[in-house]
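# Architecture at a glance
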Amino acid sequence: SWDEPIHFTRGQAYLNYFLDGSLTYKNQDFSERHSIYKETSFTADFFMKNDSGHPPVNGILASLSNYIFYQKLGILGDIESYHFFIIICASVLVFIVTLFGVMAYGSYVGFITGLTLATYPLFFSESHFNIKDPVEAAFWGAIILTFWIALKKDNWKWLLVSIIFFGLAFGTKFNILFLPLIKLPWLLIKYKFSFSNLLNQFNKWPKKFKIILLLSPFLISAIFFCTWPYLWQDPLNNTLNIFKYYQEIGTGGKGQMSFLLPGKINSFPIIWILITTPPWILILTIIGIIISLKIRDKNKTAILWLLWFIIPVLRVSVPNSSIYGGIRQIIEFIPAMALLSGLGGYGLSKFLVQFIPINFSIKKWQ
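A short tour of the structure in this document, coming up. (Residues numbered from 1 in each chain as written. Predicted model: local features only at pLDDT ≥ 70, side-chain atom pairs only at ≥ 80, totals over all residues. Heavy atoms only, no water.)

Once that is clear, we can look at the overall build of the protein chain. Along the backbone of the protein chain there are 17 helices and two strands. For 366 residues, the compact-globule estimate of 2.2 N^0.38 gives 21 Å, and the C-alpha radius of gyration of the protein chain, at 22 Å, lies within 12% of that figure. Among the 366 residues that make up the protein chain, the fraction classed as buried is 51%. Once local pairs closer than 6 in sequence are excluded, the contacts in the protein chain between residues at least 24 apart make up 75%. Positive and negative side-chain charges in the protein chain, numbering 30 and 18 respectively, have mean positions lying 19 Å apart. (Helix = DSSP H or I, 4+ residues; strand = E, 2+ residues; numbered from the N terminus. Rg over C-alpha atoms; globule rule 2.2 N^0.38 Å. Buried < 20%, exposed > 50% of the residue type's maximum accessible area, 1.4 Å probe, protein only. Contact = heavy atoms within 4.5 Å. Lys, Arg positive; Asp, Glu negative; His and termini not counted. Charge placed at Lys NZ, Arg CZ, Asp CG, Glu CD.)

As structure tokens, then:
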């Protein structure tokens, strides 16, 4: 897509700096196979002084894929090796949501979930050329699943993995800063809207679990800072510049798409989802939403999925928010939609099996 070159060029510059310690390409032999995005005019030295916009973790990782599979091994083309990283992230996300569905409500839910995500047109297409959003969505899925497992098992190692993925997501795109709006309401619902219950649960967690949880903001900030050399020059002002950039593009920026309702509520994202989602996925999602509000499982996992689906869409629908490029910028809602579809598929099959004379066994709710 149109903004790939700058991400690849910057990614190569920073990757070279991390691997070689050089702010330029002076130690590089350009007679050997090298990427066209190794621009000698745009080195780490340049980006440290002139960087802006989205963080670089995704570009660095895509450049690492290019470095291994094109520059060193030569088994993929130059452009294809960058895209390979995106496809790997998307494939891992399909595995994550499938596993999530299986662990929460059984293999049937997991199967429908994986099939839904893999065939969702927007997700399938963007996963072949969008350097930011599918990668961010993959990190979202990894964070939520590992956090869910960590709470279920009271395991600090899973919590640490979740925090690491959060740091990588933060180093890719600031969308992840809205994740607490999903986690916190879910925790309150899970513990019956009682801060005392939440505090009691905190006291029950192992010591290492609590330490990791309390240190999580510092660990996330460390990953964000260490992976972006631009911030090292002037940490405070450069970080504030990035936040200003997101404020500008997220609140009425040029090229925004909107269908404003009374109160300046932007109905564009909802309309786009309704008219571009394959009908069978839309029907299963609606059924899944209804089921999620009726399930009485102790982990409230279906409610977590529902919040995961709603919050990304809601944040670009509130007054004074904006979005451009369709809804690719909130692609993290699609994995949650797939999980709700899996839930809807379960509910629909449970209803239809009453009229089909076959032995159709489905795992009960946990």
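What follows continues from the structure just given.
Judged by nonpolar contacts, the single largest core of 96 residues is most densely connected at F100, F123, W305, W308 and F333. When residues of this core are assigned to their parent elements, the largest contribution, 14 residues, is made by helix α7 (residues 133–153). (Core = buried A, V, L, I, M, F, W, Y, C linked by side-chain atoms within 4.5 Å.)

Let's shift gears to the side chain of N66. Looking at where N66 falls in the secondary structure, it is placed in helix α3 (residues 57–72). Judged by its relative accessible area of 0%, N66 is buried. Side-chain polar atoms of N66 contact the side chain of D78, separated by 2.7 Å. If we skip the residues at most four places from it in the chain, N66 touches Q12, S35, Q71, D78, S81 and Y82. (Polar contact = N/O pair within 3.5 Å; in protein donor to acceptor, adjacent residues only side chain to side chain.)

The next subject is the pattern of salt bridges. Taken as a whole and assessed by the stated rule, the structure comprises six salt bridges. Here D45 ties to K49 by a salt bridge, and the two come within 3.7 Å at their closest N and O atoms. Note that D45 and K49 are positioned in helix α2 (residues 44–50) at a spacing of four residues, about one turn of the helix. On the basis of relative accessible area, D45 is assigned to the partly exposed category, the value being 28%. (Salt bridge = Lys/Arg side-chain N within 4 Å of Asp/Glu carboxyl O.)

On to helix α16 (residues 301–315). Under the 1.5 Å per step criterion, the end-to-end length of α16 is 22 Å for 15 residues, consistent within 8% with the ideal 21 Å. When you tally the buried positions in α16, you get 13 out of 15 residues, the bulk of the element. (Expected span 1.5 Å × (residues − 1).)

Here we come to the packing of aromatic side chains. Within this structure, the stated rule accounts for 29 aromatic pairs. With centroids separated by 5.5 Å and ring planes inclined at 85°, the aromatic side chains of F100 and W305 adopt a geometry described as edge-to-face. Highlighted residues: F100 in helix α4 (residues 78–105) and W305 in helix α16, separated in sequence by 205 residues. Each member of the pair, F100 together with W305, is buried. Where Y105 meets W305, the ring centres are 5.4 Å apart and the plane angle is 90°; that geometry is what we call edge-to-face. Of this pair, Y105 sits in helix α4 while W305 sits in helix α16, and the two are 200 residues apart along the sequence. Since its relative accessible area comes to 1%, Y105 is described here as buried. In this structure W305 comes out as buried when scored by relative accessible area, which is 0%. (Phe/Tyr/Trp six-rings, centres within 6.5 Å; stacked < 30°, edge-to-face > 60°.)

With that out of the way, let us pick up helix α9 (residues 180–190). Those residues of α9 that fall on the buried side of the exposure criterion are I182, K183, W186, L187 and K190. Taken around the axis of α9, the buried residues stretch over an arc of 120°, which confines them to a single face. Among the structural elements, α7, α8 (156–170), α10 (195–204) and α16 are those in contact with the buried residues of α9. Looking one or two places after α9, you find K192, whose phi comes out positive at around 60°. (Arc of directions from axis to C-beta.)

Okay, the packing of α4 against α16 next. Orientation of α4 relative to α16, taken along the N-to-C sense of each, is 150°, at an axis distance of 10 Å. By the angle class used here, α4 and α16 are roughly antiparallel. Of α16, the residues touching α4 (which contributes F100, G101, A104 and Y105) are T301, A302, L304, W305 and W308. For the contact of α4 with α16, the per-class residue count stands at seven nonpolar, two polar and no charged. (Axes fitted to C-alpha atoms, helices over the stretch in contact; angles between N-to-C directions. Parallel < 35°, antiparallel > 145°, perpendicular 65-115°, else oblique. Nonpolar A, V, L, I, M, F, W, Y, C, P; charged D, E, K, R; others polar.)

So, on to a nonpolar patch on the surface. A contiguous nonpolar surface patch, about 480 Å² in accessible area, is contributed by F259, I270, I271, L274 and I275. Residue classification places I270 among the partly exposed residues on the basis of a relative accessible area of 44%. (Patch = residues over 30% accessible without salt bridge, like charges linked within 9 Å, V, L, I, M, F, W, Y side chains within 5 Å. Areas by Shrake-Rupley, 256 points an atom, 1.4 Å probe, with all protein chains shown as cover.)

With that settled, consider the environment of S91. With respect to the helices and strands, S91 occurs in helix α4. For the pair S91 and Y17, spaced 74 residues apart in sequence, the C-alpha separation works out to 29 Å.

Attention now moves to the environment of G288. One can find G288 in helix α15 (residues 279–292). The class of G288 is buried, set by a relative accessible area of 0%. Not counting residues up to four positions away in its chain, the partners in contact with G288 are L340, L343 and G344.

Right, let's talk about the side chain of K190 for a bit. Position of K190 relative to the elements: it lies in helix α9. Buried within the structure, K190 lacks any salt-bridge partner; D297 is the closest side chain of opposite charge, at an N-O distance of 7.9 Å. Non-local contacts of K190, meaning those with residues more than four positions away in its chain, are made with K298, N299 and K300.

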